[in-house]
Amino acid sequence: MELKIKSKLFDEIGLTRTITRLSHEIIEKNKGIDNLAVIGIRTRGAIIAQRICREIKSIEGRDLPLGILDITMYRDDFRNMLEQPKLQKTEIPFNIDDKNIVLIDDVIYTGRTTRAALEAIMAFGRPKCIRMAVLVDRGGRELPIQPDYVGRRISISPGEEISVQMNEVDDIDGVLLVERPTSP
Amino acid sequence: MSSFTLKHLLGLEGVSRDDITTILDTAASFREVLDRPYPKVPTLRGTTVVNLFFEASTRTRISFELAEKRLSADTISFSTATSSVKKGETLRDTAQNIEAMRVDMVVIRHSASGAPHFLSKCIKGTVINAGDGAHEHPTQALLDMMTIRDKFKRIENLRIAIVGDILHSRVARSNIYGLTTMGAQVMLCAPSTLIPYEAHKWPVQISYNVDDAIEWADILMVLRIQLERQQANFFPSLREYHNYFGLTSDRIKRVNRDITIMHPGPINRGVEIESELADSDKSVILNQVTNGVAVRMAVLYLLSGELKSDDEKTKS
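Residues numbered from 1 in each chain as written. Chains lettered and ligands numbered in written order. Predicted model: local features only at pLDDT ≥ 70, side-chain atom pairs only at ≥ 80, totals over all residues. Heavy atoms only, no water.

1. A look at the overall build of chain B
A tally of helices and strands in chain B yields eleven helices and nine strands. For chain B, the C-alpha radius of gyration of 20 Å lies close to 20 Å, the compact-globule estimate for 316 residues. Among the 316 residues that make up chain B, the fraction classed as buried is 59%. Within chain B, contacts between residues at least 6 apart in sequence are counted, and of these 74% link residues at least 24 apart. Surface summary for chain B: the accessible area is close to 13400 Å², and the carbon and sulfur share equals 49%. (Helix = DSSP H or I, 4+ residues; strand = E, 2+ residues; numbered from the N terminus. Rg over C-alpha atoms; globule rule 2.2 N^0.38 Å. Buried < 20%, exposed > 50% of the residue type's maximum accessible area, 1.4 Å probe, protein only. Contact = heavy atoms within 4.5 Å. Areas by Shrake-Rupley, 256 points an atom, 1.4 Å probe, with all protein chains shown as cover.)

So, in structure tokens, the structure goes:
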């Protein structure tokens, strides 16, 4: 399906710069990387999480524990979907108890995905705290949830959507503001 | 994802390769949940499942109940010993009464082949077969396939010999349908009295010599000799069965290959399989049990999708 592009929020270089800035902010707020761990929400949040980990390693010289979360089992909208969404694996290969977790997603909108992710993380233990980093905060929250690290805040009008493209799955890097595709 | 086409899981006969693959992929995701410190997800919150066990079962019933609870479904379990069936109620009446209480899914085990099919015609909810007579036991075959896939990363072109009482085995029937659909080669091995008449219609090889089967197979799926059927004289004695068809370390050692051993349980140690072999590193019997919970979670999850599409249909 062709997306009608209205504007480009990030190009390739802008995206890299933002990920670098978010990485520095995370280190600054945590006062180093001790006790820090990163969990990305599938699909694109996980990719951003990988890039942030790489960036933090280049700054601090150490690997961070990295987890990947599939929140499908925790969704609150099962009853409204015609077909069961495909499940993918959650991989959190470290103990999260007493860790400072940074949860990472590409876009935050209603906050429902974040709520589901928080519930999913709690199934793995009791972290010391969970903070959240997103590439784009597009407003429109339906739950009392706010991100701690934000690449860019914009408010968008009805009929518009954010499209995040990551090289690893989309063969190109960039964040676009697009017209919402009308369902046929 | 190719969409899941089943409304009930009554058996694996006629179930497509895509649907089986979807179940196995989904089960792999649920397998991870079982290793978490809090192994529970809210996925089926608000869904009610009744387990109707008209025939004795330990493993399958516990496995289904655990799967339902891990998914946060509301569950009710019922076995014949304590139910109105003792008072002469028919299956249809039992089912319709349960349905009148607004149940979404029914898991049924029954000694009569076809009971789940019958049930699926008289109630609106989704029916899952947990074993019916000598017909099918689809979730057992699915967990066997999941265990095979875990170990070999594929099912296609593997050689699987099913050894034992094929005649009375619903596990064998479900595995024959499932494994051949997935592209595996299947051999049945048993005394001729325990090979069913219809076996020649199945796409399988038949052997009456267990050493030939061991020589041929990558995987040996050993079935329980059903002691309760001994009076019928299908073979002279348990000892003779063990001597001719029992799986022993000596027999396995004769072939110079890595062979995997499976058994759906419960095991008769010293009859169909030597005790030591059942506990050896060739055996994946306990992996089968763990995978059973994950597979049943996957089946419940995928079939619960059908409940919603029914809601949608009635709305529109």
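Now that the structure has been shown, the text picks up again.
2. Quick notes on the environment of Leu-277 of chain B
Residue and element names in this part refer to chain B. With respect to the helices, strands and loops of the structure, Leu-277 is situated in helix H10 (residues 275-278). Leu-277 sits 30 residues away from Leu-247 along the chain, and the two C-alpha atoms are 7.9 Å apart. Look past the residues within four positions of Leu-277 in its chain and what remains in contact with it is Leu-247, Thr-248, Ser-249, Ile-252, Ile-261 and Ser-283.

3. Quick notes on the domain arrangement of chain B
All names here are of chain B. Taken domain by domain, chain B consists of domain 1 (17-137 + 290-308) and domain 2 (139-288). Here the C-alpha centroids of domain 1 and domain 2 sit 26 Å apart. At the junction of the two partners, domain 1 supplies 30 residues and domain 2 supplies 30 residues. In this assembly, domain 1 packs against domain 2 so that about 2300 Å² is buried in total across both faces, 55% of it on carbon and sulfur atoms. For the pair domain 1 and domain 2, the number of links is three salt bridges. As a salt-bridge pair, Glu-156 and Arg-17 come within 3.1 Å of each other at their nearest N and O atoms. (Domains from an automatic or database assignment. Buried area = accessible area lost by both parts, 1.4 Å probe. Salt bridge = Lys/Arg side-chain N within 4 Å of Asp/Glu carboxyl O.)

4. Things to note about the interface of chain A and chain B
At the interface, 20 residues of chain A touch 27 residues of chain B. Around 2200 Å² of area is buried between chain A and chain B when both sides are counted, 55% of it from carbon and sulfur atoms. Linking chain A with chain B are one salt bridge. On the surface where chain A and chain B come into contact, there are six residue pairs in polar contact (both at pLDDT 80 or more). A class-by-class count of the residues in the side of chain A that touches chain B yields ten nonpolar, five polar and five charged. (Polar contact = N/O pair within 3.5 Å; in protein donor to acceptor, adjacent residues only side chain to side chain. Nonpolar A, V, L, I, M, F, W, Y, C, P; charged D, E, K, R; others polar.)

5. A few points about the confidence of the model for chain B
Overall, the prediction assigns chain B a mean pLDDT of 90, with 94% of residues at 70 or greater. The ipTM, which scores confidence in the relative placement of chains, is 0.79 for this predicted complex, and the corresponding pTM is 0.88. (pLDDT = per-residue confidence, 0-100.)

6. A word on the sheet that holds strand E2 (residues 74-79) of chain B
Residues and elements named next belong to chain B. Ordered in space as E2-E1-E3-E4, the four strands form an open sheet in which the pairing is parallel. Pairing within the sheet leaves two strands with one partner each, and these edge strands are E2 and strand E4 (126-132). Ignoring which end each strand starts from, the neighbouring axes of this sheet average 15° apart. Alignment of strand E1 (residues 48-53) against strand E3 (residues 105-110), held across five bridges, turns out to be parallel. Note on E3: the bridge partner recorded for Val-50 is Val-106. The strands touched by helix H2 (residues 59-70) are E1, E2, E3 and E4; relative to E1, the strand with the most contacts, the crossing angle is about 175°. With respect to the sheet, helix H4 (residues 115-122) is in contact with E1, E3 and E4, its orientation differing from that of E4 by roughly 165°. (Pairing = 2+ DSSP bridges. Axes fitted to C-alpha atoms, helices over the stretch in contact; angles between N-to-C directions.)

7. A word on the nonpolar core
Residues and elements named next belong to chain B. Core analysis: the largest hydrophobic core is formed by 114 residues, its most contacted members being Phe-30, Leu-142, Leu-188 and Leu-247. The dominant element in this core, judged by the number of residues it contributes, is helix H11 (residues 285-315), at eleven residues. Mapping this core onto the domain boundaries places at least three of its residues in each of domain 1 (17-137 + 290-308) and domain 2 (139-288). With residues up to four places along the chain from it excluded, the contact list for Leu-247 reads Val-210, Ile-214, Leu-220, Val-222, Ile-252, Ile-261, Glu-272, Ile-273, Glu-274 and Leu-277. (Core = buried A, V, L, I, M, F, W, Y, C linked by side-chain atoms within 4.5 Å.)

8. Details of the environment of Val-171 of chain B
All names here are of chain B. As for its placement among the helices and strands, Val-171 is situated in helix H6 (residues 170-181). Each C-alpha atom, one on Val-171 and one on Leu-223, is 8.2 Å from the other, the two residues being 52 residues apart in sequence. The residues contacting Val-171, other than those within four sequence positions of it, are His-137, Gln-140, Asp-144, Leu-223 and Pro-264.

9. Comments concerning the sheet that holds strand E5 (residues 159-163) of chain B
Residue and element names in this part refer to chain B. Strand order in the open sheet formed by five strands is E7-E6-E5-E8-E9, with parallel pairing between adjacent strands. Since the sheet does not close on itself, it has two edges, and those belong to strand E7 (205-207) and strand E9 (260-262), each with one partner. Within the sheet, the average angular offset between the axes of one strand and its neighbour, ignoring direction, is 25°. When E5 meets strand E6 (residues 185-189), the two strands line up parallel, connected through five bridges. Looking at E6, one finds that Ile-160 is bridged to Val-186. Here helix H5 (residues 138-152) sits on the sheet and contacts E5, strand E8 (219-222) and E9; the angle it forms with E9, its principal contact strand, is near 165°.

10. What to know about the pattern of salt bridges
Residue and element names in this part refer to chain A. One pass over the structure, following the stated rule, counts 25 salt bridges over all chains. For Glu-168, the salt bridge goes to Arg-51, with nearest N and O atoms at 2.7 Å. One end of the pair, Glu-168, is in helix H4 (residues 167-170); the other, Arg-51, is in helix H2 (residues 44-60), and 117 residues separate them in sequence. Of the charged contacts in the structure, one is a salt bridge between Asp-63 and Lys-57, with a shortest N-O distance of 3.6 Å. Look at the salt bridges and you will find they share partners, linking Arg-51, Glu-168 and Asp-173 into a network.

11. Thoughts on H2 of chain B
Within an α-helix, residues lying three or four positions from one another point in the same direction, as the helix has 3.6 residues per turn. If you check H2 of chain B, its first and last C-alpha atoms are 16 Å apart, about what twelve residues at 1.5 Å a residue would give, namely 16 Å. What H2 of chain B keeps buried is the set Thr-60, Ser-63, Phe-64, Glu-65, Ala-67 and Glu-68 of chain B. (Expected span 1.5 Å × (residues − 1).)

12. Notes on H5 of chain B
All names here are of chain B. A rise of 1.5 Å per residue sets the reference length of H5, with its 15 residues, at 21 Å; its end C-alpha atoms lie 21 Å apart and thus fit the reference within 8%. Every buried residue of H5 is listed here: Pro-138, Thr-139, Gln-140, Ala-141, Leu-142, Leu-143, Asp-144, Met-145, Met-146, Thr-147 and Ile-148. Remark: Lys-153 follows H5 within two positions and exhibits a positive phi of approximately 65°.

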